[in-house]
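Geometric and topological summary
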Amino acid sequence: AIILEFMTWDQALTILAQRLRQRFPNAALILLRLWHPSQLKYRYDVPSPNDSTKSTTKTMDFHTYRQRNGQKRGMDDPELYFSILSQKSRWTFEKPKDEPLVLKLAAKYGASYFAMNFPDNELFEYPKTMMDQLSIFQDNINADDGAARDDLNKAGHA
């Protein structure tokens, strides 16, 4: 079996799936969509430079939010959870928009497709559930750039 883990599908994965199918025509090809804390988005308003009564809603990812708020601890940071829970209406999961394409390509290449369940936005209503969902990731800091890389831990790969 050949398993392709991905979060968002792009042209490179299409080429890889095609080449794997050509090279291994009888192999079980499995497309496995994962979710990641980087898909957790914080919505904030930016005032219009020309009209102070108008604003534009933008998003920042989980890592940027953590860095801007000086949160240096990992996924188990109580301040992070308090911050999320106190502004829960501003948080959302950015779900992939490429699902129809992935399903079409899975059929084309005779692959099975599975998707890791995305948490619902209701997740932010329940601190324990949120902590359980995020507990499948480990906080890895890249020594070169100091950026957080929240990768799946052993439980996340189970």
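Our structure's up above, just so we're on the same page.
1. Observations regarding the sheet that holds strand β5 (residues 91-93)
Within the open sheet, the 3 strands sit side by side as β4-β3-β5. Their pairing is antiparallel. The open sheet is flanked by β4 (55-61) and β5, the only strands paired with a single partner. For this sheet, the mean angle separating the axes of adjacent strands, direction not counted, is 40 degrees. Relative to β4, strand β3 (residues 40-47) is paired through 7 bridges, and the arrangement is antiparallel. Its bridge partner lying in β4, R43 is registered against T59.

2. Some points on helix α3 (residues 78-86)
Here α3 has its buried residues at L80, Y81, S83 and I84. Buried residues of α3 fall within an arc of 160 degrees about the axis and therefore sit on the same side. Away from its buried face by more than 90 degrees, α3 exposes E79 and F82.

3. A look at the sheet that holds strand β6 (residues 112-115)
Across the sheet, which stays open at both edges, the 3 strands sit in the order β1-β2-β6 with parallel pairing between neighbours. Two strands lie at the open edges of the sheet, namely β1 (2-6) and β6, each paired on one side alone. On average, adjacent strands in this sheet sit at an angle of 20 degrees to one another, irrespective of strand direction. Strand direction decides the pairing type here: strand β2 (residues 29-33) and β6, joined by 4 bridges, are parallel. Bridge pairing in β6 links I30 to S112. Contacts between helix α1 (residues 11-23) and the sheet are confined to β1 and β2, with β1 contributing the most and set at about 175 degrees to the helix.

4. Some thoughts on the packing of aromatic side chains
Aromatic ring pairs are reported here in terms of the distance separating the ring centres and the angle at which the planes meet. Tallied over the full model, the rule gives 6 aromatic pairs. Look at Y42 and Y65: their rings are 4.9 Å apart centre to centre, the planes differ by 45 degrees, and that puts the pair in the tilted class. Remark: Y65 occurs in helix α2 (residues 62-68) and Y42 occurs in strand β3; sequence separation between them is 23 residues. Residue classification places Y42 among the buried residues on the basis of a relative accessible area of 10%. Take Y65: its relative accessible area is 3%, and that puts it in the buried class.

5. Points about the pattern of salt bridges
This model, assessed by the stated rule, comprises 4 salt bridges. Close ionic contact of D98 with R33 constitutes a salt bridge, the shortest N to O distance being 2.6 Å. Here R33 lies in strand β2 and D98 lies in the loop between β5 and α4 (99-108), a separation of 65 residues in the sequence. Using a relative accessible area of 13% as the deciding quantity, one classes D98 as buried.

Conventions used here
- Residues numbered from 1 in each chain as written.
- Predicted model: local features only at pLDDT ≥ 70, side-chain atom pairs only at ≥ 80, totals over all residues.
- Heavy atoms only, no water.
- Pairing = 2+ DSSP bridges.
- Helix = DSSP H or I, 4+ residues; strand = E, 2+ residues; numbered from the N terminus.
- Axes fitted to C-alpha atoms, helices over the stretch in contact; angles between N-to-C directions.
- Buried < 20%, exposed > 50% of the residue type's maximum accessible area, 1.4 Å probe, protein only.
- Arc of directions from axis to C-beta.
- Contact = heavy atoms within 4.5 Å.
- Phe/Tyr/Trp six-rings, centres within 6.5 Å; stacked < 30°, edge-to-face > 60°.
- Salt bridge = Lys/Arg side-chain N within 4 Å of Asp/Glu carboxyl O.

In short, geometric facts, not functional conclusions.
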